[in-house]
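# Architecture and fold: a report
Listed below, chain by chain, are the residues.
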Amino acid sequence: MDTAMVVDLARQALWITMLISAPMLLVALGVGLIVGIFQAATSINEQTLSFIPKLLTLGLTAAVF
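Everything in this summary refers to the structure shown in the same document. Keep in mind that this is a model prediction, so the values were computed, not measured. (Residues numbered from 1 in each chain as written. Predicted model: local features only at pLDDT ≥ 70, side-chain atom pairs only at ≥ 80, totals over all residues. Heavy atoms only, no water.)

## Things to note about the overall build of the protein
Looking only at helices and strands, one finds 2 helices and 0 strands in the protein. Against the 2.2 N^0.38 benchmark of 11 Å for 65 residues, the protein shows a C-alpha radius of gyration of 18 Å, more extended than a compact globule. When its C-alpha atoms are laid out on the principal axes, the protein stretches across 60 × 20 × 15 Å. Per-residue burial over the protein gives 11% buried out of 65 residues. (Helix = DSSP H or I, 4+ residues; strand = E, 2+ residues; numbered from the N terminus. Rg over C-alpha atoms; globule rule 2.2 N^0.38 Å. Buried < 20%, exposed > 50% of the residue type's maximum accessible area, 1.4 Å probe, protein only.)

Shown next as structure tokens:
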């Protein structure tokens, strides 16, 4: 196993990791943004309000993907 093969294997591993984690990260980002805008508009500063929707949507995303 030469250096080029190891580098290529590491590159493929990082690419697959990105493909697996990207949907969940994008969903968490979207839900966090929507909840943050809602909290700013209503002046609600409850920490669980942002955690619970993220947790539920990430669970749903993990089940779908």
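From this point, things continue past the structure.
## Thoughts on the environment of valine 35
In this fold, valine 35 is placed in helix α1 (residues 3-42). For valine 35, a relative accessible area of 11% corresponds to the buried category. Counting along the chain gives 19 residues from valine 35 to isoleucine 16, while the straight-line C-alpha distance between them is 30 Å. Those residues in contact with valine 35 that lie beyond four places of it in its chain are Leu49, Ser50 and Pro53. (Contact = heavy atoms within 4.5 Å.)

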